[in-house]
Each structure stands twice: as C-alpha cells, then as structure tokens.
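So you can see what is in the structure, the chains are spelled out below.
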Amino acid sequence: MKILVLGAGNVGSAAAWDLAKDFEVYVGDVDPKKLEALREFATPLKVNAQDFEALVETMKGFELVVGALPGRFGYTSVKAAIKAGVDMVDVSFMPENPLELRNEAEKAQVTIVFDAGFAPGLSHILMGRIWGELDTLDSGRIWVGGLPKEPKPPLYYRITWSPKDLIEEYTRPARVIRGGAVNAVDPLGETRKITLNGQEFEAFPSDGLRSLLESVRAGTLEEWTLRWPGHLERMKVLRELGFFKEEYLDFTLEVIAPLMDYESPDFSIMLVEGVGSKDREQERISYFLYDEEREGFTSMSRVTGFTAAIIARIVGEGSCVYGVIPPEILGMRPDTFSRIYNEVLERGITLRREESAPSDNS
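Given the structure is predicted, the values throughout are model-derived calculations rather than measurements.

Draft legend 1. Fine view of the sheet that holds strand β1 (residues 2–6). Across the sheet, seven strands lie side by side as β3-β2-β1-β4-β5-β6-β15; this open sheet has parallel pairing. Among the strands making up the open sheet, the edge pair consists of β3 (43–46) and β15 (323–325). Ignoring which end each strand starts from, the neighbouring axes of this sheet average 20° apart. Here strand β2 (residues 24–29) runs beside β3; their pairing, made up of four bridges, is parallel. Each residue of the ladder has a partner; that of V27, found in β3, is P44. In the packing of helix α1 (residues 10–19) onto the sheet, the strands contacted are β1, β2 and β4 (64–67), and the crossing angle to β1 comes to about 165°.

Listed below in structure tokens is the structure:
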C-alpha cells in the first residue's frame, strides 16, 4: 500500500516511521529540511496544503492519507481527500466539525477517521470501549497530560507545540456534560488536584470531548488536562491581568514562550474512567496509560503518531465503513478495540485495564 503522510513535524515523523515498516510511505511538507531528515525511511514530497487543487491531485496517487498538519489545514485536507477519492486518518484537531462532511464521504465511498491521535483519539477509543461495556454510563472522565519530566520555574511547563494554542486552552470554554446536558465551563474556574502514578498534578477542564458530546450518553462526561503544580496559578494571574487578550497576545507570547523553551525528556499520562451499571451492579472501569520518549521520538509524538499509524492500518485493510468516523466508534467495536489495545502495547506504551466497585467520590 502506498501511503502519504501530510506533515513532517514530530507527529507526522513518528507516524511515517511506524508505517514504513510495512508500507511504501511518502511524507509531504513545504519545509525541505524537515523532509530531508525523514529520507531514511520515507520518500520526501513537497506539498503545499494551501493549494487545494494541487493537494487533490497529489492525493490521487495514494491509497491512504494520514493528516498530521496544523489544525487550520485539517478540514480542507479532509475535503481534498474526499474529492480525490482516498481514505484518510487525521490528527489535526481541526476547529470545524468534520461530521458535516459525512454525506460527501459516503457518496465518494471513502473512509475518514478524524481526531485519530492521543487526546482526542486514543482517549475517545478508550471511553468508547467503557461505554460499550457498561449498560449505562453515569459518569466518565478523561485525565490526560503531556509534560516535561523536569519542570522548571517559573511556569513549570515545556512547550512542544504552538504557544498560541496553549494559551487558547486557558481562554476557550470547555464543553462538558453535566446533569445529562452539555455545558460550557471556564477552564481556569475550577482546577483540581489529582495523584496519578504516584505523582501529584493540577488539572483543569479542557475542550477535548468534541464528538463524544454527541456519541456517548452520560450523566457526567468531562476531560481534564494535567499540569505540574504551580503552572495554572500563573496562567490565572496572566489571564486576570489581561495578557491573554487578543490585542496583547503577541507581546505575551514573546515574553512567556522563552520561559517554556528548554530541554527535558517528556512523558505522557492518561486515565480514562467510567462509572455506571453493568448487569444491574455499579462498576468502575478504567484504562491507565503511561509513556516516555525513546527511539528518537518524544512521548507525545509516539502516543499521537503511533495511534494514527495503528488506525491507518485498520482503515487501509478496508474494515471500516464509508463516511466520517469519530475515533470512539472504533472503541465500541470489541474486535477493533482489541486490535488497537494490543498494538499500543507492542509499541512499548504502558496501557492497562482495571475494573472495581466505584468509590464514594466517583
């Protein structure tokens, strides 16, 4: 199978490296230096994602496309794949709703899996499996973070992605389900502390549920992003002082971005848990994930890029229906979930399932 990976950044590189073990892989990007660095395992291809018609023609030469571009290119890339008649797995976290393209994809007889990375992505797959195992889901929560192993003051965070997108996490209302209805909450308005894997973290509600808001029925459904203690209080102060306002944002980025630019190995950690009824008994089902950087890839690029590569293999085998598919649907199918679960383990990522009686504060 001939596969095109769009985007030669950290995530695209990891996905291409994984897929190159079994397929003929090309990587498309506008940056020749990034492309050259991947020549050892993939064929470089200059691609300008802003030229829609050229992108369509390029895609026609492939059997499958993996999208690892910035979010602003995600929706148009999916539209290009549909027009080219080629299946696509995308991790871009596009601001638009790709489900609006469902009819177009079905007519073109192509399969599109969006949000196919870590969170959203694997987080949704795990929640989809919990939803499938329980008769009813009373509450579901995702706790997830990608963090430096060596947090440094004053912000205790290392930036490995867009600083502007980071700030948006603290200003964009987070959509959650509470009382069975969708609500929007202030991300810095209700922070919590949680201990995972023997470490204490701060957590804030983040807007990562996306398609889960429609596909899963629950009394409570929330995503919480993890940070090292001390980081969120500083973000609150900066926001209260007005530094996150659009007119001051460029100045703010110039000041704080260098404070988060330092060398440190990273790790990824996630707990996906659900409490509900099963055979008339209350149960708590959870999945815990942990990973550290290795083999020349950051942990975040591993858990995101490798997940995309696993899903790409499934789509490439033709085992998914035509249309636009949210990742949780893959988790709801026991056979597909088992395949994904085992392949995650094969890549050296810790992932384990636990089942127990719910605690009083679940």
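Draft legend 2. Examining the pattern of salt bridges more closely. What the rule picks out here adds up to 26 salt bridges. In this structure, E169 and R227 form a salt bridge, with 3.0 Å as the shortest nitrogen-oxygen distance. Linking E169 in helix α7 (residues 163–171) with R227 in strand β12 (residues 220–227), this pair joins segments that are 58 residues apart in sequence. The buried category is assigned to E169, whose relative accessible area is 17%. Taking the relative accessible area as the measure of exposure, R227 reaches 3% and is therefore buried. Note that R239 and D186 form a salt bridge whose closest N and O atoms lie 2.8 Å from each other. With R239 in helix α9 (residues 231–240) and D186 in the loop between β9 (181–185) and β10 (192–196), this residue pair connects regions lying 53 residues apart in the sequence. Given a relative accessible area of 34%, D186 falls into the partly exposed group. Residues participating in the shared-partner salt-bridge network are D18, D22, R313, E317, R339, E343 and R347.

Draft legend 3. Here's a closer look at a negative patch on the surface. On the surface, E246, E247, D250 and E254 cluster together to form a negatively charged patch. Considering the arrangement of structural elements, one finds E247 in the loop between α9 and α10 (249–256).

Draft legend 4. Molecular detail of the packing of helix α6 (residues 122–133) against helix α13 (residues 334–346). In the contact formed by α6 and α13, the axes pass within 11 Å of each other and the chain directions differ by 135°. Judged by the angle between their axes, α6 and α13 are oblique. The handedness of the crossing between α6 and α13 is left-handed. On α13, the residues that touch L122, I125, L126 and R129 of α6 are P334, F337, I340 and V344. Tallied by class, residues from the contact of α6 with α13 come to seven nonpolar, no polar and one charged.

Draft legend 5. Main features of the nonpolar core. Ranked by internal contacts, the top residues of the largest apolar core, which has 60 residues, are V27 and M270. For this core, the element with the highest residue contribution is helix α11 (residues 299–316), accounting for nine residues. The next biggest cluster of nonpolar side chains, apart from the first, holds 30 residues, and it includes I159, Y170, W224 and F267.

About the criteria used
Residues numbered from 1 in each chain as written. Predicted model: local features only at pLDDT ≥ 70, side-chain atom pairs only at ≥ 80, totals over all residues. Heavy atoms only, no water. Pairing = 2+ DSSP bridges. Helix = DSSP H or I, 4+ residues; strand = E, 2+ residues; numbered from the N terminus. Axes fitted to C-alpha atoms, helices over the stretch in contact; angles between N-to-C directions. Contact = heavy atoms within 4.5 Å. Salt bridge = Lys/Arg side-chain N within 4 Å of Asp/Glu carboxyl O. Buried < 20%, exposed > 50% of the residue type's maximum accessible area, 1.4 Å probe, protein only. Patch = residues over 30% accessible without salt bridge, like charges linked within 9 Å, V, L, I, M, F, W, Y side chains within 5 Å. Areas by Shrake-Rupley, 256 points an atom, 1.4 Å probe, with all protein chains shown as cover. Lys, Arg positive; Asp, Glu negative; His and termini not counted. Charge placed at Lys NZ, Arg CZ, Asp CG, Glu CD. Parallel < 35°, antiparallel > 145°, perpendicular 65-115°, else oblique. Left-handed = near helix turned anticlockwise from the far one by under 90°. Nonpolar A, V, L, I, M, F, W, Y, C, P; charged D, E, K, R; others polar. Core = buried A, V, L, I, M, F, W, Y, C linked by side-chain atoms within 4.5 Å.

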